[in-house]
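Next come the chains, spelled out residue by residue.
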Amino acid sequence: MDLTYKRKNIYATADKAELKRIMDYAEGYKSFLDNGKTEREAVAYTVAMAEKAGYKPYTLGDKINKGDKLYYNNRGKALFMLRAGKADIAKNGVRILVAHIDSPRLDLKQVPLYEKAGMAYLKTHYYGGIKKYHWLTIPLALHGVVALKTGKTVSVNIGEAETDPVFYITDLLPHLSQELNRKTIGEGFEAENLNLIIGGIPEGGEDKDGVKKNVLKLLNEKYGITEEDFLSAELQAVPAAKAKDVGLDRSFIAAYGHDDSVCAYPEITATLETETDQTVLTILADKEEIGSEGNTGMQCVLIDDLLTEIAKSYGVNPALLRAKSMCLSADVTAAYDPDFASAFDDNNVGQVNCGVTMNKFTGARGKSGSNDASAEYIGYLRGVFEKAGVVWQTGELGRVDLGGGGTVAKYIAKINIDTVDMGVPVLSMHAPTELISKADLYSAHKAFAAFIK
Ligand code: MN
Ligand code: MN
């Protein structure tokens, strides 16, 4: 009897049929990535998937009947999908899966447009944790909405179609970078210099602000908007590239937004495809990258409201329902990177191709700010995953005291629900193009399906 614990490499141990399932599954995911680069787009895409699977819109206060498949679209930026099961929720509670669908990016400021040196620019304010230099010299697309005074909303998407123009942030040439190279990476690149070039042809000859005026004319022709309309816009610059297979064996996917689409998508597919008697609440959250604030983030009481509605409909005490419920906080974790080996404890970090990774805790400086899941809950989950043949592993973000991070887990745990973080390990997390393993992606789908079964 082997008494030792070892991670299992999925690619090394999967049979041909499983390997095909892994590869096939990744195709649907790449489409989700390309069509859901912002929280709004991810919600719209998921609503379409849910409706195809028979889900109907839910209004707060509606009675929920056993067997119902419902979704609650929170302001177009967060989504709750509910499967009302036959099982006794006073005993089993609700199985909750939560991932986030916002990703680090450059948001436009509210008065973004200006002209300098014959170029029109858009000023940005970065959203989430980024390394600023990553965003220089790469093709960027503009996604989002402009809300007009009339109540009408205009959707904007420029830079994704083959024939679309893209936007661009400049960097200093190496020939003149002697001063810049002496600065730290944190000091060398300033947020106020993350400005997108949006045009170069002036209207009306040598007029002051002619380029800016011409840009406004083009925007007005295409979207019917004026400069003032930026005041009530949410426009986001994201990498213009599509998701791509990486490696001759196509084992990995490079894409923008793996954090946290790589957990959101398996959550959705597990929810839509798994036959179960459990009541399942599947959440796609907004604002995780800026602390889960706001009424579309997981600190909002809406999750509690919905659980209360479920409890009322089933005639169960809401506090009891919460106490019996369980949650997987499906968020990515760092994958071990041999090129940055000193940042990790290699026994306690997710390894690519070894499956979806559970983080018992997150946080920083001695687990501070972390939901540290209980041994009992993890023991229970080990049994669930083993029964379902899920290859999974455990990890933590990186070396102790090197930094840290948090997830939504603590906000769900806060309302008395057993919660643990479980997600796909990512290389180059928060870079404009991140890398994940297709085997780990499919392992997340299997784990989430087993959890709600
Ligand atoms: Mn995340
Ligand atoms: Mn993140």
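So, here's what we can say about the structure. Everything numeric in this text was worked out from a predicted model, so none of it was measured.

### Things to note about the coordination of the manganese ion (ligand 1)
At step 1: At this site the manganese ion (ligand 1) is bound by His100 (NE2), Asp259 (OD), Asp331 (OD) and Asp331 (OD), with donor distances of 2.1 to 2.6 Å.
At step 2: Here the donor residues of the manganese ion (ligand 1) share one chain and are spaced in sequence as H-x158-D-x71-D.
At step 3: A separation of 3.3 Å is found between the manganese ion (ligand 1) and the manganese ion (ligand 2), which share Asp259 as a coordinating residue. Taken together, the positions of Asp259 in helix α8 (residues 258-273) and Asp331 in the loop between β14 (326-329) and β15 (333-334) put the pair 72 residues apart, joining distant regions of the chain. Across the pair, exposure class does not vary: Asp259 and Asp331 are buried alike.

### Focus: the nonpolar core
At step 1: With 59 residues, the main nonpolar core has Tyr29, Leu328 and Phe385 as its most contacted residues.
At step 2: The greatest single-element share of this core, amounting to 10 residues, is contributed by helix α13 (residues 438-452).
At step 3: With 36 residues, the next largest nonpolar core counts Ala120, Val146, Ile169 and Phe189 among its residues.

### A few points about the coordination of the manganese ion (ligand 2)
At step 1: Distances from the manganese ion (ligand 2) to its protein donors, namely Asp259 (OD), Glu289 (OE), Glu289 (OE) and His430 (NE2), fall within the range 2.0 to 2.6 Å.
At step 2: In the primary structure, the donors to the manganese ion (ligand 2) are separated according to the pattern D-x29-E-x140-H.

### Topic: the sheet that holds strand β11 (residues 244-246)
At step 1: Strand order in the open sheet made by the three strands is β11-β12-β20, with antiparallel pairing throughout. Each edge of the open sheet carries a strand with a single partner, namely β11 and β20 (434-437). Mean inter-strand twist for the sheet, computed between neighbouring axes without regard to direction, equals 35 degrees.
At step 2: Against the sheet, helix α2 (residues 16-35) contacts β11, β12 (252-255) and β20, and its axis sits at roughly 5 degrees relative to β12.
At step 3: Set on the sheet, α8 makes contact with β12 and β20; between it and β20 the angle comes to about 30 degrees.

### Observations concerning the pattern of salt bridges
At step 1: The full count for this structure, using the stated rule, is 24 salt bridges.
At step 2: With a closest N to O distance of 2.7 Å, Asp107 and Arg105 form a salt bridge. Here Asp107 matches Arg105 in class, with each residue buried.
At step 3: Note that Asp245 is salt-bridged to Arg250, the shortest N-O span being 2.8 Å.

Reading the values: the criteria
- Residues numbered from 1 in each chain as written.
- Chains lettered and ligands numbered in written order.
- Predicted model: local features only at pLDDT ≥ 70, side-chain atom pairs only at ≥ 80, totals over all residues.
- Heavy atoms only, no water.
- Donors = N, O, S within 2.8 Å, 3.2 Å for Na, K, Ca; no water.
- Helix = DSSP H or I, 4+ residues; strand = E, 2+ residues; numbered from the N terminus.
- Buried < 20%, exposed > 50% of the residue type's maximum accessible area, 1.4 Å probe, protein only.
- Core = buried A, V, L, I, M, F, W, Y, C linked by side-chain atoms within 4.5 Å.
- Pairing = 2+ DSSP bridges.
- Axes fitted to C-alpha atoms, helices over the stretch in contact; angles between N-to-C directions.
- Contact = heavy atoms within 4.5 Å.
- Salt bridge = Lys/Arg side-chain N within 4 Å of Asp/Glu carboxyl O.

Function cannot be inferred from these measures alone, as they are strictly geometric.
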